[in-house]
Amino acid sequence: MGTQSRLCRQLCGLLSVLCFAWLCGCGSDGPAGRTISGTVTADEFTVAAGERVNCQGGVTVQCRTATIAGTLASLASSGNGQAGGGIAIEATEAIIVTGRIQTGAGTGGSANAAGGAGGELRLQAGGGITLGGAATRQAGEAVLTSGNGGAGGAGGAGGAGGNIVLNCPQQTLTLAASTALFRLGNGGNGGALSITGTAATTYTPPAELANGGGNSGLLRVTAGSVTGAGVARQAADLVVWLPAGNLLGGAGGDAGAFEWEVGAASSRAAAGRQIVPEGVEVHGRSGGSGQVTGGDGGSARVVMNLDAADQAHAGRRVETSGGAGGYAGIEDPNQGEYVFYEQGRRYEGGNGGDSVSWAQTGGLGGPGATGGDGGEASAQGGGGGSILLRFAATSTDEALLRPGDGGDATAHGGDGGTGGSGCTVPRIAGGAGGLGGDAGAAGGFGGAVIWEGGMGRQGTGGSIVVVAGNGGNGGSGSPVGVGRGHGTLSQATAGTGLWPGDPAPTASVTLGTDGAAGSPCGEVSRTDTFKAVIGGYNYVRFPTIWQQSISMARQTVIRLGGSANPLYAFYGQSMAMNADRTILWVCHQGSLRVYRNPLTGGDRAPDFVLNGSPATPYVQSIWYHPGSDTLFTGNVCIYRNVSQITAARAPDVAFSVQHVGSVGTPVYDAVHNRLFLANHEQLAVVNTPLTRTGSVLPDAELTDATLMGDDMLEGRGLAYDSVRDLVYYGYSLGANRQVRAVPGPPWATLPTARSIPDIGGLPDALAYYADTDVLLVSTRSSQIRVYDEARLRDASRPTPNANMDGSSGGFCCWRESSD
């Protein structure tokens, strides 16, 4: 083997061409046969000056001696999250490197996945190891370079940098006069993760974030002795000082930031409401530790700008903490005797991550009920990364040692919800406002310079902003509801530590204000404006307007559909719109048409069509839940994040319900996570519908013929009162046409229905607004009747407060409120 290797070198020299076989170890980029892989054995492994050998994947060279005067380098890895190729040389005698050796970098991760680790570089010799010398390298090239870690994908961790391991335990490690001896692999940055917009309302954070920064590679040396020009050692002979410019890289990766914002921060509660009574905890990940520089900790920002649902729900509690900054000067004495520092080098700990917690406002109370308490907010800034040293720092040394600063912390307690109105008939007391949410914050502590037997200066601690939630206003009523108190401070502590010359950390504390009493009945300033989309033959038209306490008004009729593109929105719950009225879903002859920007009207085709599941493609009735952006059909098919769907696709959930049939009318109760379905003489309930499959039996049923009526299929209206847990349904038996209400399940015995009798026409579709107790009833070929204070609590016979423009088919509506 040795004779063959020497012959190869002689041929290369005589012909002055790059014609070495892979066993020789010399070659260049390009043709096949110039690349080595796996385990390579040789007597004398040599890479001549000016030559390059490529290493495919992890490569181990086993030889008697190794001389690297040219370049030995790993080829790039392919694919997401792949480790860089490592290089190991195992020599029974000496290893001499005057050229350079470079391992591969890890590749970046895909979404939610980690980046690959950098390749490790390991030299193990029975004799001595010599690094550097007369060979000339290009600017920026080090003698030994380990691979950087790859960056994490969105939400993924950064990969670790590759180590450089030198092992000649019985002999001398010689560091010849040279610059750039070592370039340690840097850790990869963690991937930032931002959840905003519509997706934020249904997002569930993981139990633990995974986007920490990768640690840098380490320089691990075990040798009988270390020598070289400009090399100095501590008295203990285990700490080696290198001349300036010889220890490059070695930085830990920054952790990725995390942001979860529901609604716009500039307009709390402006984007709708959401049922989120449970708390949420999010903790940012730590920055990667580094041989020279620590990575910054990840920031964590959670902002809940939707009010809780109108059920007097407490606002969601929010707790966040920033990730810790990575350490610097790390070492592993169990895997390397000598610890290397560079003369004149600045060592820096990573800064702690910032933390922002903005808790949710409590929900509006139901009629006469107390508003929900504001959510509690707690925030903790991440601690700064310290610098860990094997030597006792002098005043000169410490000037080059900068530990990380602590992260800032901001906590906003949620405001208390407004008490429910008692201005019903008869008048009742207004509900009290909810309590303001408590808030507490602590700034992260500054990292410190730590050496054996002592601790030096700290970085600057983090500042804080704490705002306790405002108390909720009382509801209007007779008597008026009382306002409740603001939140309290659970903690307000700036971080410890102050670096010389830095401004001191600050603490801003605001207690909020107490809620005000409600207004007497008759002085309520709120105005509700209802607008309706009405279906029919060939087209739908909108909007028709009715204003509470004000006579009916109309706007110019807009039409969508026409003779060129007929749109048949027949009777029942055949239409729905999203919260910002940018999407209209219409049941058209069994298919579900989707129109974007419907308020522009026009005789135009739909943007696309959803046809339900293959087993039950027919769609006749739908119901939309704006809080979770979920659409339900009566089949049953369920589309999550339906506003984000841009082309036809299968539903997220599909199942059939026994005893109901294929065209049931749906309405979803988000408080108890149950779906009501009505068909013919059947009112059925399916619990936890978002996880059901196949053919299911109802979890509860109401089947009495005298209650439901023979013409339930003709009157398809369903609505739900989430405050009182009442199900409203349209009833039609001959000339007896009513809207009835029964308490929600479980039904141990058949409850007594309460009703609004003599509504005039077949009750096709219903809409109910629990906070103001307003019921809208669409009657076929007649009118939309508006019942202000639906009054199904007693046996009185109400008459409509107003009648909106006539309805001849499908119906859906929305409310616009002002205070």
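Per chain, residue numbering runs from 1 following the sequence as it is written. In keeping with the model being predicted, local features are shown solely for residues with a pLDDT of at least 70 and side-chain atom pairs are shown and tallied solely at 80 or more, while totals for entire chains, interfaces and linings include all residues. Note: side-chain values were computed over all heavy atoms of the structure, leaving out hydrogens and water.

Undergrad: Before we move on, can you summarise the overall build of the chain with the specific residues and values?
TA: Of the regular secondary structure elements, the chain holds three helices and 62 strands. Buried positions account for 54% of the 819 residues belonging to the chain. The contact criterion used throughout is that any non-hydrogen atoms of two residues lie within 4.5 Å. Looking at the chain alone, contacts between residues at least 24 apart form 70% of all its contacts between residues at least 6 apart. Here the chain displays about 30500 Å² of accessible surface, and carbon together with sulfur accounts for 50% of that area. Each helix corresponds to a stretch of at least 4 residues labelled H or I by DSSP, and each strand to a stretch of at least 2 residues labelled E; elements are numbered beginning at the N terminus. Each residue's exposure class comes from its accessible area (1.4 Å probe, protein chains only) as a fraction of the maximum for that residue type: buried when under 20%, exposed when over 50%, partly exposed otherwise. Note on areas: these come from Shrake-Rupley sampling with a 1.4 Å probe, and a residue is covered only by the protein chains present in the view.

Undergrad: Could you give me a rundown of the sheet that holds strand 49 (residues 665-669), with the residues and numbers involved?
TA: Two strands in a sheet stick together by hydrogen bonds in their backbones, pointing the same way (parallel) or opposite ways (antiparallel). Judged by pairing direction, the sheet is antiparallel, and its four strands sit side by side in the order 49-50-51-53 without closing on themselves. Either end of the sheet is taken by a strand with one partner, and the two such strands are strand 49 and strand 53 (700-702). Geometrically, the sheet is characterised by an average inter-axis angle of 20° between neighbouring strands, direction not taken into account. Here strand 51 (residues 682-687) pairs with strand 53 via three bridges, running antiparallel. By the bridge assignment, valine 685 is partnered in strand 53 with alanine 700. Strands are treated as partners if at least two bridges between them are detected by DSSP. The convention used is that axes are lines fitted to C-alpha atoms, helices contributing only their stretch in contact, and that angles between N-to-C directions extend from 0 to 180 degrees.

Undergrad: Describe in detail a nonpolar patch on the surface, supporting the description with residues and values.
TA: Each patch groups residues whose relative accessible area exceeds 30% and which form no salt bridge, using 9 Å between like charges and 5 Å between nonpolar side chains of Val, Leu, Ile, Met, Phe, Trp and Tyr. Salt bridge, as used here: a side-chain nitrogen of Lys or Arg that lies within 4 Å of a carboxyl oxygen of Asp or Glu. A cluster of nonpolar residues, Tyr327, Leu388, Ile450 and Met455, forms a patch on the protein surface that exposes about 350 Å² of accessible area. Relative to the assigned elements, isoleucine 450 resides in strand 33 (residues 448-451). Assessed through its relative accessible area of 31%, isoleucine 450 is described here as partly exposed.

Undergrad: Help me get a handle on the pattern of salt bridges, residues and values and all.
TA: This model, assessed by the stated rule, comprises 17 salt bridges. Note that glutamate 44 and arginine 64 form a salt bridge whose closest N and O atoms lie 3.0 Å from each other. Remark: arginine 64 occurs in the loop between strand 3 (52-63) and strand 4 (65-68) and glutamate 44 occurs in strand 2 (residues 44-47); sequence separation between them is 20 residues. On the basis of relative accessible area, glutamate 44 is assigned to the buried category, the value being 18%. Arginine 64 gets classed as partly exposed once you look at its relative accessible area, which sits at 27%. Linking aspartate 405 and arginine 402 is a salt bridge whose minimum nitrogen-to-oxygen distance equals 3.0 Å. Connected through salt bridges with shared partners, the residues Asp43, Glu44, Arg64 and Glu93 form a single ionic network.

Undergrad: Explain the pairing of strand 27 (residues 355-358) to me, and be specific about the residues and the numbers.
TA: Here strand 22 (residues 300-304) pairs with strand 27 via four bridges, running parallel. Considered in strand 27, the bridge of alanine 300 is made with serine 355. In the sheet, strand 27 pairs with strand 31 (residues 409-412) via four bridges, with the strands oriented parallel. Within strand 31, the position partnered with tryptophan 358 by the bridge is histidine 412.

Undergrad: Any chance you could break down unusual backbone geometry for me, citing the residues and the numbers?
TA: The peptide bond linking asparagine 635 to valine 636 adopts the cis configuration, its omega dihedral lying at 25°. Looking at where valine 636 falls in the secondary structure, it is placed in the loop between strand 46 (630-633) and strand 47 (637-639). In this structure, aspartate 629 takes a positive phi of about 55° despite not being glycine. Tracing the chain through its elements places aspartate 629 in the loop between strand 45 (622-625) and strand 46. Residue classification places aspartate 629 among the buried positions, given a relative accessible area of 2%. For asparagine 641, which is not glycine, the phi torsion reads 45° and is therefore positive. Within the secondary structure, asparagine 641 is located in the loop between strand 47 and strand 48 (653-657).

Undergrad: Could you give an account of the pairing of strand 42 (residues 583-588), naming the residues involved and the relevant values?
TA: Within strand 42, six of the six residues are buried, which leaves it mostly tucked inside the rest of the structure. Judged by which residues are buried, strand 42 turns out to be covered on both faces: Ile583, Trp585 and Cys587 on one side and Leu584, Val586 and His588 on the other are all buried. Bridging between strand 42 and strand 43 (residues 591-596) involves six bridges; their strand directions are antiparallel. Directly across from valine 586, in strand 43, lies its bridge partner arginine 593.

Undergrad: Give me the state of the cysteines: which residues, what numbers.
TA: Note on terminology: disulfide denotes any pair of cysteine sulfur atoms within 2.5 Å. The tally for this structure, following the rule as stated, stands at zero disulfides. Cysteine 813 forms no disulfide, and the closest cysteine sulfur to it belongs to cysteine 812, at a distance of 7.1 Å.

Undergrad: Outline the sheet that holds strand 44 (residues 608-610), supporting the account with residue identities and numerical values.
TA: On the basis of which strands lie adjacent, the open sheet formed by four strands has the order 41-42-43-44 and antiparallel pairing. Pairing within the sheet leaves two strands with one partner each, and these edge strands are strand 41 (575-577) and strand 44. If you compare each strand with its neighbour and ignore which way they point, the axes differ by 25° on average. In this structure, strand 41 lies alongside strand 42, joined through three bridges in antiparallel fashion. Across the sheet, the residue bridging to methionine 575 is valine 586, located in strand 42.

Undergrad: So what's going on with the environment of alanine 88? Residues and values would help.
TA: Of note, alanine 88 is situated in strand 6 (residues 87-91). Along the chain, alanine 88 and leucine 121 lie 33 residues apart, while their C-alpha atoms are 5.9 Å from each other. Once residues lying within four places of it in the same chain are set aside, the contact partners of alanine 88 are Val59, Thr60, Val61 and Arg122.

Undergrad: Talk me through the packing of aromatic side chains; I want residue IDs and the actual numbers.
TA: Classification of ring pairs uses Phe, Tyr and Trp, with its six-membered ring standing for Trp, and accepts pairs whose centres are within 6.5 Å; under 30 degrees between planes counts as stacked, over 60 as edge-to-face, and the remaining range as tilted. Under the definition given, this model contains nine aromatic pairs. Both rings, one in tyrosine 728 and one in tyrosine 768, keep their centres 4.9 Å apart while their planes meet at 25°; by these two values the pair is stacked. Of this pair, tyrosine 728 sits in strand 55 (residues 726-733) while tyrosine 768 sits in strand 58 (residues 763-769), and the two are 40 residues apart along the sequence. Given the relative accessible area of 11%, tyrosine 768 is considered buried. Ring pairs connect the aromatic residues Tyr203, Phe258 and Trp260, which therefore count as one cluster. Both a distance and an angle decide whether a charge sits over a ring: NZ of Lys or CZ of Arg must be within 6 Å of the ring centre and within 35 degrees of the ring normal. Here arginine 457 stacks its cationic end above the ring of tryptophan 499, 4.5 Å away from the centre of that ring.

Undergrad: How would you sum up the nonpolar core? Please name residues and give values.
TA: Considering soluble globular proteins, one finds that nonpolar side chains tend to be buried as a cluster. By size, the foremost hydrophobic cluster in this structure holds 57 residues, and its most contacted members are Leu123, Leu131, Leu144, Leu173 and Phe182. With near-sequence residues (within four places) excluded, leucine 144 lies in contact with Val97, Ile101, Leu121, Leu123, Leu131, Ile164, Leu166, Leu181, Phe182 and Arg183. Grouping buried Ala, Val, Leu, Ile, Met, Phe, Trp, Tyr and Cys residues that are joined through side-chain atoms within 4.5 Å yields what is termed a nonpolar core.

Undergrad: Could you give an account of the side chain of asparagine 211, naming the residues involved and the relevant values?
TA: Tracing the chain through its elements places asparagine 211 in the loop between strand 14 (193-195) and strand 15 (219-228). In this structure the side chain of asparagine 211 is engaged in a polar contact, spanning 3.0 Å, whose partner is the backbone oxygen of glycine 191. For the purposes of these results, a polar contact is taken to be a pair of N or O atoms within 3.5 Å, where, inside protein, one atom must be able to donate a hydrogen and its partner to accept one; residues adjacent in sequence count only when each atom of the pair is a side-chain atom. Here alanine 257 takes part through its backbone oxygen, which lies 3.5 Å from a polar atom of the side chain of asparagine 211. For asparagine 211, the contacting residues outside a window of four places in its chain are Gly155, Gly156, Ala157, Gly190, Gly191, Ala255, Gly256, Ala257 and Arg285.

Undergrad: Could you give an account of the environment of arginine 220, naming the residues involved and the relevant values?
TA: Its place among the elements puts arginine 220 in strand 15. Overall, arginine 220 belongs to the buried group, its relative accessible area being 14%. In this structure, the C-alpha to C-alpha distance between arginine 220 and isoleucine 164, residues 56 residues apart in sequence, is 6.3 Å.

Undergrad: An account of the side chain of arginine 674 is requested, with residue identities and associated values reported.
TA: Residue placement: arginine 674 occurs in strand 50 (residues 674-679). Judged by its relative accessible area of 6%, arginine 674 falls in the buried class. Of note is the side chain of arginine 674, whose polar atom sits 2.6 Å from the side chain of aspartate 669. A polar side-chain atom of arginine 674 sits 3.4 Å from a polar atom in the side chain of tyrosine 720. In contact with arginine 674, other than residues within four places in its own chain, are Val667, Tyr668, Asp669, Val685, Val686, Asn687, Pro689, Tyr720, Asp725, Gly744 and Pro745.

Undergrad: I'd like to hear about the environment of asparagine 641, residue by residue, with values.
TA: Judged by relative accessible area, which is 27%, asparagine 641 ranks as partly exposed. With 439 residues separating them along the chain, asparagine 641 and threonine 202 place their C-alpha atoms 8.1 Å apart.

Undergrad: Which residues make up the confidence of the model for the chain, and what are the values?
TA: Low-pLDDT portions of the prediction should not be read for the details of their coordinates. In this model, the chain carries a mean pLDDT of 82, and residues with pLDDT of at least 70 account for 81%. No element of the chain has a lower mean pLDDT than helix 1 (residues 2-15), which averages 36, and none a higher one than strand 6, which averages 98. Note on residues 265-277: pLDDT under 50 across the span, and 44 contacts to partners over four residues away in sequence or across chains. Here pLDDT means the predictor's own confidence in every residue, given as a number from 0 to 100. Considering only residues more than four positions removed or in separate chains, one finds that residues 706-715, a stretch of pLDDT under 50, has 39 contacts.

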